[in-house]
Amino acid sequence: MPQYKRIVIKFGTSVLTGGTPNLDLPQILHLVSQCAELYRNGYEIILVSSGAITAGRQTLNIKSLPDTISIKQMLAAVGQSRLMQVWEQFFDIYGIYVGQILLTREDVETRSRYLNAHDTLEALLEYKIIPIFNENDAVGTEEIRLGDNDYLSSLVTLLSNANLLIILTDQPGLFTADPRLDPEAKLIPEVNDIEKIANYQIGRSHSNLGTGGMITKLKAADYARRAGADVVIAAGVTKNVIKRILAGEAIGTRFPAISTPLESRKRWILAGPNPTGALVIDEGAISALKKSGRSLLPVGIKSIKGDFQRGDTVYILTPEQVELARGIVCYSSTDLEVIKGHQSEEILDILGYYYGSVAVHRNDLILL
């Protein structure tokens, strides 16, 4: 059983409600207690929480889920604060702070927004605060229409470079057919090839609580494992389900990662968008990259070529113009032109803002 460090846990609406029209507070507290124990044991925990619309319905005493997207957005706006209040109060029992990050799909797919979300996430984890993600349902419609935050959980896994995604739902895992319709359906303990289960009759949500279903969870699992994370789909009501998964117990359906998060990210750097510029570095920086496996600092940059933005991929060249590496820059070409040759501690004074001490982080750099 691999040893995981950073874990994303996605809670479906049916898990947080226990199948009822309202938030199931004892159930949520049980989930929080498991997360708190993992937190104390040194795991970095990131949560993706559905349930805002249900919390809004409960607050306003609306019995049925309306069809109109604008009404669902209104319910999400009301319920989001209620949902976060529950998370905050329960984690406070264990002396743990939480921080909310609301996203739309564009926040993750637009590179500059992606970096901003990534920086916020890393800052929360650095200060031992548990991030809780939810799609910004009050202004976005993707979660409402397409998947109860399943897709978002896979994007957060990519965003965070997590190596495990746990998707908790109202089913024990992935079955050969919908077990609510077919008594002969069998649990699939592990999936290594998505194509081999393409003919299984995997159903959508049968509840009137969330909008997801096993199809959206399967797609999320496939996306996350391609990003380098193991994935487990399991029943959230199972006693101590999170702790038992981390202990290596065979619960639910497991999707082994295709690669490690770092390998996946570096392949993306190599095969992704063409570099939009270049950094020419000095001999000291070359040695630091090749021999010590360090990040590229501004002090080691001699010159800048091209016009690029923070988050773009660039060539990293020797003084002889030989390509040494490629990497994702933490600063734009305009910024690097100003801070090249300077020590990292001077960045804030020079620019007036600070995206970190490195020009290219070692995890965002591949040597050629």
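Described below are features of the structure shown in this document. All values reported here derive from a predicted model rather than from experimental measurement. Position numbers for residues count from 1 along each chain, tracking the sequence in the order it is written. Local features in this predicted model are restricted to residues of pLDDT 70 or higher, and side-chain atom pairs are both shown and tallied only at a pLDDT of 80 or more, whereas totals for entire chains, interfaces and linings draw on every residue. The side-chain figures draw on all heavy atoms in the structure; neither hydrogens nor water molecules are used.

## Concerning the pairing of strand E10 (residues 313-317)
Move 1: Think of it in three bands: residues with accessible area under 20% of the maximum for their type are buried, residues over 50% are exposed, and the middle band is partly exposed, with areas taken using a 1.4 Å probe on protein chains only. Secondary structure counts use DSSP, requiring at least four H or I residues in a row for a helix and at least two E residues in a row for a strand, with both numbered from the N terminus. Among the 5 residues that make up E10, 4 are buried, leaving the element largely enclosed by the rest of the structure.
Move 2: As defined by bridge partners, strand E8 (residues 277-281) adjoins E10 across 3 bridges and the pair is classed as parallel. Opposite Leu279, over in E10, you have Ile316 as the bridge partner. DSSP calls a pair of strands paired once it identifies at least 2 bridges connecting them.

## Observations regarding the sheet that holds strand E12 (residues 360-367)
The pairing of strands in a sheet happens through backbone hydrogen bonds and is either parallel or antiparallel.
Move 1: In space, the 5 strands of this open sheet follow the order E9-E8-E10-E11-E12, with mixed pairing throughout. Each end of this open sheet is capped by a strand with a single partner; those strands are strand E9 (301-306) and E12. Recorded for the sheet is a direction-independent mean angle of 30 degrees between the axes of neighbouring strands.
Move 2: Contacts are assigned to residue pairs with any non-hydrogen atoms lying within 4.5 Å of each other. Here an axis means a line fitted to C-alpha atoms, over the contact stretch when the element is a helix, while the angle between two N-to-C directions is reported on a 0 to 180 degree scale. Contacting E8, E10, strand E11 (323-329) and E12, helix H12 (residues 283-290) crosses the sheet at an angle of about 100 degrees to E8.

## Details of the sheet that holds strand E7 (residues 253-255)
Move 1: The 7 strands are arranged E3-E4-E2-E1-E5-E6-E7 in an open sheet whose pairing can be described as mixed. At either end of the open sheet lies a strand with only one pairing partner, and these are strand E3 (98-103) and E7. Here the average twist between neighbouring strands, direction ignored, is 20 degrees.
Move 2: In terms of strand pairing, strand E6 (residues 230-235) meets E7 through 3 bridges, oriented antiparallel. When the bridges of E7 are listed, Val231 appears paired with Phe255.

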